[in-house]
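A look at the structure
The residues making up each chain are set out below.
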Amino acid sequence: MATDQVELVIGGMTCASCAARIEKKLNRMDGVEASVNYATEKALVNGTAATADLIATVEKMGYTAALPAPPAEEDEEPHDAEVRSLRTRLLVSAVLTIPVVVMSMVQAFQFEYWQWAALTLTAPVVVWGALPFHRAAWLNARHGAATMDTLISMGTLTAFGWSLYALFLGTAGIPGMEHPFRITIERTGGTGNIYLEVAAGVTTFILAGRYFEARAKSRAGSALRALLSLGVKDVAVLRDGSETRIPIDGLAVGDRFVVRPGEKVATDGVVEDGSSAVDESMLTGESVPAEVSPGSAVVGATVNVGGRLVVRATRVGADTQLAQMARLVEQAQTGKAQVQRLADRVSAWFVPAVIVLAGGTLGFWLGTGATPSAAFTAGVAVLIIACPCALGLATPTALLVGTGRGAQLGILIKGPEVLESTRRVDTVVLDKTGTVTTGQMTLVDVVAADGVTEDELLRYAGALEDASEHPIAKAVADGARERVGALPPVTGFVAREGLGVRGTVDGHEVAAGRVVDAGRVVDGDWLPDLPDALADAKEKAEADGKTTVTVAWDGAARGLLVVADAVKPTSAAAVAQLRALGLTPVMVTGDHEAVARSVAAEVGVDEVIAGVLPADKVDVVKRLQDEGRVVAMVGDGVNDAAALAQADLGLAMGTGTDVAIEASDLTLVRGDLRAAADAIRLSRRTLAVIKSNLFWAFAYNVAAIPLAAAGLLNPMLAGLTMAASSVFVVTNSLRLRGFRAL
């Protein structure tokens, strides 16, 4: 079949250069434009080529390719087997490697036949522990390519092979052989030297890095699964005048179904009977539940917080807004620009250069009349000294220390790919509800009429609203209880949808609700006229995007309660810290313009984009990226998930939904926006440490390789410098433990 766009799941990639080669090969096909993402192991192909031809092309390169399974059919954790396998290899290899390193490096532990014990322990590490590297090296060799896997495989096998030669055919196997450190530069035959600690140590270090990388990648599909899990599993359908509960898959367009208070709306539809308030915050970011009545549209997965509703389904399955958002998240993740690790980029020239240099060294010494043993020793020394021992520690140690420190500060970094983005970010997009604000309605102001005290107003209004389940009523009741303590009972309670509530408190007929226009009585005697002072206060509060509740008793308006989604006390300081990092804050929200402007002014954000749908948030991020900006996105709701995935750096508030957290690159466990600034600072610091680690790891290779090629590198000096390089990398990484939050 031919297609305009197809997504393929790619298997067998071991580094970013694998993705680059597959992408290059696909792009050579006629009419094909492909993007291969190593992090998500997916290829997005545009063009008219047959899907079968695309899959065949990838498979000819030695990788696997297949169409993705439907989300509902995917395994819970598709990469679990790979993670478990790497963890087992790492643990077994580490247990076997530690005694080998100790015996090889500490002369006091070198008993009479220690070298044979070391060989016994090293063999499983090199043969079984390093098997993924050997397989990848063989696969790359078949296609004329060399990656870091090639160097790891060649280095460990060469070190192990030479050790076998020295033990069985040289003098290293004699009883009582010692391995002392001699810090000298001299030409040596090498038949009395073994390199088992190099073979085992490098394997274990690299396995550690691969394990942590695989563990991070195993969560790549979790955002999509979390999003789809928001939908309901079954629904109460009205058929022949009675309710029948059926699986959601059996719901068809035109079916009428029932939504009780507290239940999720099963699918997109139109209300036919009943009125209620529907909490749409998970999809729209709107902090106040929307009032719905016959004729109102409702969206699947939103929550009915009021009365019973009968809804007619208008869209089901893949056509619903929830399913569309799932596709947005998936497309945004697949479309992320691939991040190539620095070590892989350098290996593109470093690995082939080392192999050529090792062969050239062997040929040179043979051509100058040196003994085969001396010539081979020099060639082997080049490969061994180039084996990336410190390089294997450079990223994982800094990442482990950085992420560990981040966890202590409530910052979770998902993987090394995240760090590169933090260095380049220049714009930060902030969601409003639940990120800058608390995400919950709160009583923020009390305006009492002449002759009425605030406590009296709160006592009567709080008692009345305490009998209602509406979120605004809950905010009033909670605020009143905090100010005046226990609330009196209410009798004769009546609620009118969209208008308010009334009842008797302490012998007074009390009403609370919304007045449509100042100075106008709603619904006859429901609420009286507002005095000018209260009308002015109401107009000012609503101009700032806040919600007002008018309170009356005994036939007269007695005061006004102002409810709003309150700004977190730390948000203004957080915005200032983000600006200090060179970032331009932009607030994007599904809430109303007036609300957004009011909140933005309070925290110090100049650019505001309000009233946007989830798809529009993605478009906002894309537009900023098209302008050349590198965008970080901070959010907490389902409506933010696709934008978090699209952004160059996604930061999710840990107090938010699982979908947002899974779609993000960084998770801020605390609901404090200041953690976003700390997260970016920590990520940038960790990246700087990784780069300095990589520099010194390569600097060690570059400095030592000429000595090895000259045949002057004493194996013990090589071991010491390699150990010193590793110790430096670890020590440099440990500096991250001193990172402090602002």
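Description of the structure in this document. Counting restarts for each chain, with residues numbered from 1 along the sequence as it is written. Local features in this predicted model are restricted to residues whose pLDDT is 70 or higher, and side-chain atom pairs enter the listing and the counts only when it is 80 or higher, whereas totals over whole chains, interfaces and linings include all residues. For side-chain calculations, the full set of non-hydrogen atoms in the structure is used, while hydrogens and water are omitted.

Section: the environment of Leu-712
- The helix and strand labels rest on DSSP assignments: H or I over at least four residues marks a helix, E over at least two residues marks a strand, and numbering proceeds from the N terminus. With respect to the helices, strands and loops of the structure, Leu-712 is situated in the loop between α24 (674-709) and α25 (715-734).
- When a residue's accessible area, from a 1.4 Å probe over protein chains only, is under 20% of the maximum for its type it is buried; when over 50% it is exposed; and in between it is partly exposed. The exposure class assigned to Leu-712 is partly exposed, which follows from its relative accessible area of 28%.
- Along the backbone, Leu-712 and Ala-381 are 331 residues apart, and their C-alpha atoms lie at a distance of 9.5 Å.

Notes on the packing of aromatic side chains
- Side-chain rings of Phe, Tyr and Trp (the six-membered ring for Trp) are treated as a pair once their centres are within 6.5 Å; stacked means planes under 30 degrees apart, edge-to-face means over 60, and tilted covers the remaining angles. Taken as a whole and judged by the stated rule, the model has six aromatic pairs.
- Both rings, one in Tyr-460 and one in Trp-553, keep their centres 4.7 Å apart while their planes meet at 85 degrees; by these two values the pair is edge-to-face. On the criterion of sequence distance, the pair formed by Tyr-460 in helix α16 (residues 454-465) and Trp-553 in strand β20 (residues 547-553) is long-range, its members being 93 residues apart.
- The buried category is assigned to Trp-553, whose relative accessible area is 4%.
- Grouped by ring-pair contacts, the aromatic residues Phe-695, Trp-696 and Phe-728 constitute a single cluster.

As for the sheet that holds strand β10 (residues 290-292)
- Two strands pair if DSSP finds at least two bridges between them. Taking strand neighbours across the sheet as the criterion, the three strands line up as β10-β9-β12 in an open arrangement whose pairing is antiparallel. Two strands in the sheet have a free side with no partner beyond their single neighbour: β10 and β12 (303-304).
- Taken together, the two bridges between strand β9 (residues 276-279) and β12 define a ladder with antiparallel strand orientation. Residue pairing across strands places Asp-279 opposite Val-303, the latter belonging to β12.

Side note on the sheet that holds strand β2 (residues 32-37)
- Read from one edge of the open sheet, four strands run β2-β3-β1-β4, paired in antiparallel fashion. Looking at the sheet topology across the chains shown, the edges are occupied by β2 and β4 (64-66). The sheet shows a mean angle of 25 degrees between the axes of neighbouring strands, taken without regard to direction.
- Where β2 meets strand β3 (residues 42-47), six bridges bridge the pair, whose relative direction is antiparallel. Bridge pairing links Asn-37 to Lys-42 in β3. Lines fitted to C-alpha atoms define the axes, with helix axes restricted to the stretch in contact, and inter-axis angles between N-to-C directions lie between 0 and 180 degrees.

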